[in-house]
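# Summary of structural features
So the chains spell out like this:
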Amino acid sequence: MVRRLNTFIKEIETFSGPDEVKKLRQRVIKELDETDWSDLYDPRDVQRLKDDDYFCKRILRHRSGNIDASVEIIKTVFKWRKEFGIHDLKEVDIDSDIISKGAVFTYNEDKEGNPILILRVNCHRKDPATVIERKKIICYWTEKLEREIKDGSMSVLLDCSDTGLVNMDVEFTLFLMRLFAIHYPAFVDHIYVFDMPWIMNACWKVIKKILPKEAADRIKFLSTTSFTDFFDAKSLPPHLGGTCLKEYKPIQFSNFTEEECLSSVGKDSTSITKEEREKKA
């Protein structure tokens, strides 16, 4: 994937220089040398710290250049990645029933050149039995994008069209915000929330208060009138009001029936009607 230097990436590149990167790296390695970290961190993450200057710059930007805070966030991120098994997470490890109709997928770019990870909220139900698999899907795609983009950034689009109380899940939404704001530091440029119904306002007010200010400022609430400020119609599929018919591999949560998902997406990125679903049954 070709790297595009948007405003966010340029800010990360220029925020800190080689001296700050060297100082951060030396501090972390010194702490690692003084303790047995084999059960805490994945050696592949430690190696990345040693080799990847841009990753160190992301950490420094995330913590506003504070070395002590940057060291702590590295330990937090590495510990979480080890516990979740991020490096070894593969699509085949995700429940095949979860992978189906298009609730989570990557699709083109926003106007800043960030690849878009789309999450269709109306396909979500709060269900303890599937929460781990749903987390796996999000982590899998976020990690996949980070590896493909390398020294770049992505944006997230939460499509809230056709949603209501049945789709509200504060705990899972907080997981998403922590994932994008903490566990992948300075990687997500924007989190777009499209067509959020008024009934979810209280939920988002709580979430924004919990997030750091900078992370909260990256959340953009969009309507049909403001959508084109951040996206070109040619970059979006028809079910989001766009004109692009590009095929993509759909990902979908499956703890409910097709009839419950009001706007399922087919391979041609067009909406599937109830009659079409009944014909296929």
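Computed from a predicted model, the values in this text were never measured in an experiment. (Residues numbered from 1 in each chain as written. Predicted model: local features only at pLDDT ≥ 70, side-chain atom pairs only at ≥ 80, totals over all residues. Heavy atoms only, no water.)

### Structural notes on the pairing of strand β4 (residues 188–194)
- For β4, a buried count of 7 out of 7 residues is recorded, marking the element as mostly surrounded by other parts of the structure.
- A crossover connection joins strand β3 (residues 154–159) to the parallel β4 through helix α7 (residues 170–183); in handedness this β-α-β unit is right-handed.
- In this sheet, strand β5 (residues 219–222) lies alongside β4 in parallel orientation, the contact comprising 4 bridges. Bridge assignment links Y192 to a residue of β5, and that residue is K220. (Buried < 20%, exposed > 50% of the residue type's maximum accessible area, 1.4 Å probe, protein only. Helix = DSSP H or I, 4+ residues; strand = E, 2+ residues; numbered from the N terminus. Right-handed = clockwise from strand over helix to strand, strands pointing away. Pairing = 2+ DSSP bridges.)

### So, the environment of E214
- Relative to the elements of secondary structure, E214 occurs in helix α9 (residues 213–217).
- The sequence separation of E214 and A181 amounts to 33 residues, and the corresponding C-alpha distance is 9.1 Å.

### A look at the sheet that holds strand β2 (residues 115–120)
- Strand order across the open sheet formed by 5 strands is β1-β2-β3-β4-β5, with mixed pairing between neighbours. Each end of this open sheet is capped by a strand with a single partner; those strands are β1 (104–109) and β5. The average undirected angle you get between the axes of adjacent strands in this sheet is 25°.
- Both β1 and β2 contribute to a ladder of 4 bridges, which runs antiparallel. Paired with T106 across the bridge in β2 is L117.
- Contacting β3, β4 and β5, helix α8 (residues 201–210) crosses the sheet at an angle of about 160° to β5. (Axes fitted to C-alpha atoms, helices over the stretch in contact; angles between N-to-C directions. Contact = heavy atoms within 4.5 Å.)

### Quick notes on the packing of helix α2 (residues 18–33) against helix α4 (residues 53–62)
- Following both chains from N to C, one finds α2 and α4 inclined at 90°, their axes separated by 10 Å at the closest point. Judged by the angle between their axes, α2 and α4 are roughly perpendicular. Of the residues in α4, those touching α2 at E20, V21, L24 and R25 are D53, C56, K57, I59 and L60.
- Broken down by class, the residue content of the contact of α2 with α4 amounts to 5 nonpolar, no polar and 4 charged. (Parallel < 35°, antiparallel > 145°, perpendicular 65-115°, else oblique. Nonpolar A, V, L, I, M, F, W, Y, C, P; charged D, E, K, R; others polar.)

### Some points on the layout of surface pockets
- The space that makes up the largest pocket amounts to roughly 260 Å³.
- Residue lining of the largest pocket: 18 residues in total, with H62, A181, E214, A215 and R218 positioned closest to the centre.
- For the lining of the largest pocket, the secondary structure elements donating two or more residues are α4, α7, β4 and α9.
- Broken down by element, the residue count for the lining of the largest pocket peaks at 3 residues, all from α7.
- A breakdown of the residues in the lining of the largest pocket according to their chemical character gives 13 nonpolar, 1 polar and 4 charged. (1 Å grid on protein atoms, 1.4 Å probe; cavity = no way out; pocket = protein on both sides within 12 Å on 5 of 7 lines; lining within 4 Å. Points joined across faces, edges and corners; volume = space filled by probe spheres on them.)

### Observations regarding empty space enclosed by the protein
- Summed over all chains, the structure comprises 2 cavities of 30 Å³ or more.
- Its boundaries defined by the atoms lining it, the largest cavity holds a volume of some 230 Å³.
- Surrounding the largest cavity, 19 residues form its lining, V121, H124, N167, T173 and L176 being those nearest its centre.
- Among the secondary structure elements, those contributing two or more residues to the lining of the largest cavity are β2, α7 and α8.
- Its residues assigned to classes, the lining of the largest cavity comprises 14 nonpolar, 3 polar and 2 charged.
- Of the voids in this model, the second largest cavity is the one considered here, and its volume is about 50 Å³.
- D45, R48, F55, R58, V77, F78, R81, E146, H183, Y184 and P185 are the residues that line the second largest cavity.
- Among the secondary structure elements, those contributing two or more residues to the lining of the second largest cavity are α3 (43–51), α4 and α5 (67–84).

### Remarks on the nonpolar core
- Counting residues in hydrophobic clusters, the biggest one holds 43 residues, and the most contacted among them are M154, L158, M177, F180 and W204.
- Elements supplying a minimum of two residues to this core: β2, α6 (131–149), β3, α7, β4, α8 and α9.
- When residues in this core are grouped by element, the largest group, 8 residues, is from α7.
- Setting aside chain neighbours within four positions, we find L158 in contact with L119, V121, M177, I191, Y192, V193, F194 and W204.
- In terms of nonpolar packing, the next biggest core, distinct from the first, is built from 17 residues, L24, L49, L60 and I73 among them. (Core = buried A, V, L, I, M, F, W, Y, C linked by side-chain atoms within 4.5 Å.)

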